[in-house]
Amino acid sequence: MNYSVFVSCPRQMEYLLETELTGLGLEVSRVSPQGVFGQASLTVLYQMIIGSRLANRVQLILFEADVTSADSLLQACRDFAWHEVFSLARTFAVEFHGSAPFINNTMYGGQLIKDGVVDCFNAHYDERPSVDKKQPDVLIHGYLKRQRLTVSLDLVGYSLHQRGYRLEAGGAPLKENVAAAVLYRANWPALLQQGHALVDPFCGSATLLIEAALMATNTAPGLARDDQAVRHWLQHDETVWQDTLAAARQAVTSTTCEISGSDADARGIGIAKQNIARAGMAEVITVSLSRLLILLLRHRAAYWSLTHLTVSD
């Protein structure tokens, strides 16, 4: 069985994402500035959740409906078989985006979808699941454009750029999936094969270095996460999930690539070392406090002079 999905990403990364997801097995049907639409088997769904370096959200499209009023939107959500998506024991929340003449704010749109979910459960069980806006087991997305409603299930429950290794960031943090996109644009995978090293002289909290090391060791970014909401989906298959995880673990390799960084901020280097350790890359990445950078930052005139000389040469 194939499932309709929408995988979102930051703008300007959609075609990189298309290439990545095609490699993971997605049958791409359309690319938009917001992300990629396609068809995926259960195994491919799991491979995207575990293996995508570029995605924000993996959304399983549950249903679409033409709606012309608040009542018709509510009825469309009542008519859907929510009890086949998640159980009464699970908490849920709704995020809503879009607008229509009859929907004047996103809170109202989300409330209508929530009421439809509750009414469906009440009709089947005379009981309703609880809403948890902060940490729901199940996150539902509603999107309304030109009176066309699309309702999806967030299979992870949060953005995939959150790998789990970065609990604290420096002063100018780079999102993990954006760092991965920078590396793809710089042709890092091919440079790896040619034996090149990677040096980041302003490494901050080491996001770029860690993403480079994950690629160098073929480590799927999702291996560090174990709280995906997909396990609350009633069509989830734990055997297939564990097989997909095992295959991702077996694909991890060692590397002799040199990946290093430096920074003038001692606190940032401390954060970087902690992030590197959490990512399991302490044997791959080295970072150090750069005395040269400290001197350059203290003497800006010397810094700009050195930069000019470097560029001229």
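Anything mentioned here points back to the structure above.
Residues numbered from 1 in each chain as written. Predicted model: local features only at pLDDT ≥ 70, side-chain atom pairs only at ≥ 80, totals over all residues. Heavy atoms only, no water.

> Report on the layout of surface pockets, specifying residues and quantitative values.
In this structure, the largest pocket encloses a volume near 750 Å³. In terms of lining, the largest pocket is formed by 23 residues, of which the most central are Phe 6, Gln 34, Phe 37, Gln 59 and Tyr 143. Among the elements of the structure, strand S1 (3–8), strand S2 (27–32), strand S4 (58–66), strand S5 (92–98), strand S6 (138–145) and strand S7 (148–154) are those that each provide at least two residues to the lining of the largest pocket. Among the elements that line the lining of the largest pocket, the one with the most residues is S6, at four residues. (1 Å grid on protein atoms, 1.4 Å probe; cavity = no way out; pocket = protein on both sides within 12 Å on 5 of 7 lines; lining within 4 Å. Points joined across faces, edges and corners; volume = space filled by probe spheres on them. Helix = DSSP H or I, 4+ residues; strand = E, 2+ residues; numbered from the N terminus.)

> Summarise the sheet that holds strand S10 (residues 285–289); cite the residues concerned and give the values.
The strand order across the open sheet formed by three strands is S8-S9-S10, and the pairing between neighbours is parallel. The strands lining the two open edges of the sheet, one partner per strand, are strand S8 (198–200) and S10. Ignoring strand direction, the axes of neighbouring strands in this sheet form an average angle of 15°. Two strands pair when backbone bridges link them, and S8 and strand S9 (residues 259–263) are joined in this way by three bridges, in the parallel orientation. Looking at the pairing, Leu 198 lines up with Ile 259 of S9. Together, S9 and S10 form the strand contacts of helix H9 (residues 266–278), whose direction differs from that of S10 by roughly 165°. (Pairing = 2+ DSSP bridges. Axes fitted to C-alpha atoms, helices over the stretch in contact; angles between N-to-C directions. Contact = heavy atoms within 4.5 Å.)

> Explain the nonpolar core to me, and be specific about the residues and the numbers.
Counting residues in each nonpolar core, the largest one holds 88 residues, and the members touching the most others are Trp 82 and Ile 259. Each residue touching Ile 259, except ones within four places of it in the same chain, is listed here: Trp 188, Leu 198, Leu 209, Ala 212, Ala 213, Ala 216, Val 284, Ile 285 and Thr 286. (Core = buried A, V, L, I, M, F, W, Y, C linked by side-chain atoms within 4.5 Å. Buried < 20%, exposed > 50% of the residue type's maximum accessible area, 1.4 Å probe, protein only.)

> Describe the side chain of Thr 207, naming the residues involved and giving the relevant values.
Here Thr 207 lies in helix H7 (residues 207–216). For Thr 207, a relative accessible area of 3% gives the class buried. Discounting chain neighbours no more than four positions away, the residues touching Thr 207 are Tyr 165, Arg 166, Leu 174, Lys 175, Glu 176 and Ala 179.

> Before we move on, could you go through empty space enclosed by the protein and cite the residues and values that matter?
By the definition in use, this model includes one cavity of 30 Å³ or more. Roughly 30 Å³ of volume is contained in the largest cavity. Lining the largest cavity, in full, are Val 85, Phe 86, Asp 137, Val 138, Leu 153, Asp 154, Ala 229, His 232 and Trp 233. By residue class, the composition of the lining of the largest cavity is six nonpolar, one polar and two charged. (Nonpolar A, V, L, I, M, F, W, Y, C, P; charged D, E, K, R; others polar.)

> Could you give an account of unusual backbone geometry, with specific residues and numbers?
Located in the positive-phi region is Asn 187, a residue other than glycine, with phi close to 65°. Take Asn 187: it is sitting in the loop between helix H5 (176–185) and helix H6 (188–193). Of the residues examined, Asn 187 reaches a relative accessible area of 44% and is grouped as partly exposed. With a phi angle near 75°, Ala 206 is a residue other than glycine that sits in the positive phi range. By the secondary structure assignment, Ala 206 is in the loop between S8 and H7.

> So, the packing of aromatic side chains: which residues are in play, and what are the values?
Under the definition given, this model contains nine aromatic pairs. Between Tyr 3 and Trp 233, the ring centres sit 5.3 Å apart and the planes meet at 75°, which makes this aromatic pair edge-to-face. Within this pair, whereas Tyr 3 is found in strand S1, its partner Trp 233 is found in the loop between H7 and helix H8 (238–250), the two being separated by 230 residues in sequence. Comparing Tyr 3 with Trp 233 shows no difference in burial state: the two are buried. For the pair Phe 80 and Trp 82, a centre-to-centre distance of 4.9 Å together with 75° between the ring planes defines the contact as edge-to-face. There is no split in this pair, since Phe 80 and Trp 82 are both buried. Each member of the aromatic cluster is reached from another via a ring pair, and the members are Phe 86, Phe 92, Phe 121 and Tyr 125. (Phe/Tyr/Trp six-rings, centres within 6.5 Å; stacked < 30°, edge-to-face > 60°.)

> Run through the sheet that holds S5, naming residues and quoting values.
With mixed pairing, seven strands are arranged side by side in an open sheet as S2-S3-S1-S4-S7-S6-S5. Each edge of the sheet is formed by a strand with only one pairing partner; in this case those strands are S2 and S5. Adjacent strand axes in the sheet meet at a mean angle of 30°, parallel and antiparallel pairs treated alike. In this structure, S6 lies alongside S7, joined through seven bridges in antiparallel fashion. Bridge pairing in S7 links Lys 145 to Arg 148.

> How would you sum up the pattern of salt bridges? Please name residues and give values.
A complete count under the given rule lists seven salt bridges for this structure. The closest approach of N and O atoms between Asp 115 and Lys 114, which form a salt bridge, is 3.1 Å. Looking at Lys 114, the relative accessible area reads 18%, which means it is buried. Of the charged contacts, one joins Arg 166 and Glu 176 as a salt bridge, the two residues approaching to 3.6 Å between their closest N and O atoms. With Arg 166 in the loop between S7 and H5 and Glu 176 in helix H5, this pair connects stretches of sequence that are ten residues apart. With relative accessibility at 3%, the residue Glu 176 sits in the buried group. (Salt bridge = Lys/Arg side-chain N within 4 Å of Asp/Glu carboxyl O.)

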